[in-house]
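Letter by letter, the chains look like this.
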Amino acid sequence: MDLFSRSWAALRTAVAELPDEDFERPSGCAGWLVRDLVCHLVIDAQDVLITLVTPTEAEATVDAVTYWELVEPPTGEDPLDALIPRLAAAYGEPRWLKFHLDDVGSAAGRAAEFADPTVRVSTRDQVLTTGDYLSAYLLEWSLHHLDLIAHLPSAAEPPAETLSAARAALEKIAGTAFPVSLSDEDALLIGTGRRTPTAAETATLGDFAAKLPLILG
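Below is a short write-up of the structure.

About the cut-offs
- Residues numbered from 1 in each chain as written.
- Predicted model: local features only at pLDDT ≥ 70, side-chain atom pairs only at ≥ 80, totals over all residues.
- Heavy atoms only, no water.
- Helix = DSSP H or I, 4+ residues; strand = E, 2+ residues; numbered from the N terminus.
- Buried < 20%, exposed > 50% of the residue type's maximum accessible area, 1.4 Å probe, protein only.
- Contact = heavy atoms within 4.5 Å.
- Areas by Shrake-Rupley, 256 points an atom, 1.4 Å probe, with all protein chains shown as cover.
- Lys, Arg positive; Asp, Glu negative; His and termini not counted.
- Charge placed at Lys NZ, Arg CZ, Asp CG, Glu CD.
- Core = buried A, V, L, I, M, F, W, Y, C linked by side-chain atoms within 4.5 Å.
- Axes fitted to C-alpha atoms, helices over the stretch in contact; angles between N-to-C directions.
- Parallel < 35°, antiparallel > 145°, perpendicular 65-115°, else oblique.
- Nonpolar A, V, L, I, M, F, W, Y, C, P; charged D, E, K, R; others polar.
- Pairing = 2+ DSSP bridges.
- Phe/Tyr/Trp six-rings, centres within 6.5 Å; stacked < 30°, edge-to-face > 60°.
- Lys NZ or Arg CZ within 6 Å of the ring centre and 35° of its normal.
- Salt bridge = Lys/Arg side-chain N within 4 Å of Asp/Glu carboxyl O.

### Things to note about the overall build of the protein chain
Step number 1: Across its full length, the protein chain holds eight helices and two strands.
Step number 2: Seen in sequence order, the protein chain has helices and strands lined up from the N terminus as α-α-α-α-β-β-α-α-α-α.
Step number 3: By its C-alpha atoms, the protein chain is 45 × 45 × 35 Å across when sized along the principal axes.
Step number 4: Among the 217 residues that make up the protein chain, the fraction classed as buried is 43%.
Step number 5: Residue pairs in contact within the protein chain that sit at least 24 positions apart in sequence constitute 70% of those at least 6 positions apart.
Step number 6: Of the roughly 10,700 Å² of accessible surface on the protein chain, a fraction of 55% belongs to carbon and sulfur atoms.
Step number 7: Here the protein chain carries 15 positive and 34 negative side-chain charges, and the mean point of each set is 2 Å from the other.

Next comes the structure, spelled out in structure tokens:
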């Protein structure tokens, strides 16, 4: 849960420090500008708040690893994916997106700090402990932080310890470890299809390369 808080705080800080012109630049999410990604983060923060106040007595059906499903690459036809750019554009100015993310995001961060990690919560028709839910979201924050800075070389990077934890989570989902020669950032980018591996990296990955990318949903 501490890593969740560090990862989320670092991501929100990175957004707050962006100059306005960067909101019109592309993000690491195909088809989304930085402003679209930030709008998605607002919705993610709302999801965290909703889930943390949706306790259940039902038995857990997933954990931090099995919470994630491997899905087909996005086609751009998902109604929610199409809605995000329209919502982001409706904010008009980056300062309003920054304000909303800071407002809702700070609340989500505080809720996570006060949450009991043993309490079970319900989300996406699944049940898991709060601790597992927040651990799963660590991977989400880490990937989206990399998406945020994909074309912004001066933007703040994710904390090293959260990238390492996110890599470990992705390896558990894959059931295979990435080669040690790959940095945590490269393992996450290549592993989720955000970057195409070089010929040398493909050779290093060996049979694992055929299983990639891992598209999480």
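From this point, the discussion proceeds with the structure in view.
### Quick word on the environment of Glu69
Step number 1: Assignment of secondary structure puts Glu69 in the loop between α2 (34–52) and α3 (79–90).
Step number 2: Assessed through its relative accessible area of 46%, Glu69 is described here as partly exposed.
Step number 3: Placed 148 residues apart in sequence, Glu69 and Gly217 show a C-alpha to C-alpha distance of 5.2 Å.
Step number 4: For Glu69, the contacting residues outside a window of four places in its chain are Ile215, Leu216 and Gly217.

### A closer look at the nonpolar core
Step number 1: Counting residues in each nonpolar core, the largest one holds 59 residues, and the members touching the most others are Tyr133 and Leu148.
Step number 2: Excluding anything up to four places from it in sequence, Leu148 contacts Leu11, Ala14, Val15, Leu18, Val34, Leu37 and Val38.

### Quick word on the packing of α2 against α3
Step number 1: Put simply, α2 and α3 touch, their axes get as near as 8 Å, and they point 100° apart. Looking at the two axes, α2 sits roughly perpendicular to α3. Note on element contacts: α3 touches α2 through Ile84, Pro85, Leu87, Ala88 and Ala89, opposite Arg35, Asp36, Cys39, His40 and Ile43.
Step number 2: Residue composition of the contact of α2 with α3, by class: seven nonpolar, one polar and two charged.

### Overview of the pairing of strand β2 (residues 126–129)
Step number 1: Sheet analysis places strand β1 (residues 120–123) next to β2, joined by four bridges and oriented antiparallel. Within β2, the residue paired with Thr123 across the bridge is Gln126.

### Describing the packing of aromatic side chains
Step number 1: Scanning the model with the defined rule gives seven aromatic pairs in all.
Step number 2: Arranged with centres 3.9 Å apart and planes meeting at 15°, the rings of Trp8 and Trp141 form a pair that is stacked. Here the residue Trp8 occupies a position in helix α1 (residues 2–16), and Trp141 occupies one in helix α5 (residues 130–149), the gap between them amounting to 133 residues. An identical accessibility class is assigned to Trp8 and Trp141; each is buried.
Step number 3: Put simply, the rings of Phe4, Trp8, Tyr67, Trp68, Tyr133, Tyr137 and Trp141 pair up and form one aromatic cluster.
Step number 4: Here the basic side chain of Arg124 rests over the ring of Trp68, its NZ or CZ set 5.9 Å away from the ring centre.

### Some thoughts on unusual backbone geometry
Step number 1: With an omega of 5°, the peptide bond running from Leu212 to Pro213 counts as cis.
Step number 2: By the secondary structure assignment, Pro213 is in the segment after α8 (199–205).
Step number 3: Its identity as a non-glycine residue notwithstanding, Arg124 has a phi of 55°, on the positive side.
Step number 4: Of note in the backbone geometry, Asp125 takes a positive phi value of approximately 65° without being a glycine.
Step number 5: Relative to the helices and strands, Asp125 resides in the loop between β1 and β2.

### Quick notes on the pattern of salt bridges
Step number 1: One pass over the structure, following the stated rule, counts eleven salt bridges.
Step number 2: Between Arg167 and Glu171 there is a salt bridge, with the nearest N and O atoms lying 3.2 Å from each other. Pair noted here: Arg167 and Glu171 are both in helix α6 (residues 160–174), with a separation of four residues, about one helical turn.
Step number 3: On the accessibility criterion, Glu171 (18% relative accessible area) is buried.

### Remarks on the pairing of β1
Step number 1: Going residue by residue along β1, you find Val121 and Thr123 tucked away on one face and Arg120 and Ser122 left uncovered on the opposite face.
Step number 2: If you look at the hairpin formed by β1 and β2, you'll find two residues sitting between the two strands, and Arg124 has a positive phi there, around 55°.

Everything listed here is a matter of coordinates, which is why it stays silent on function.
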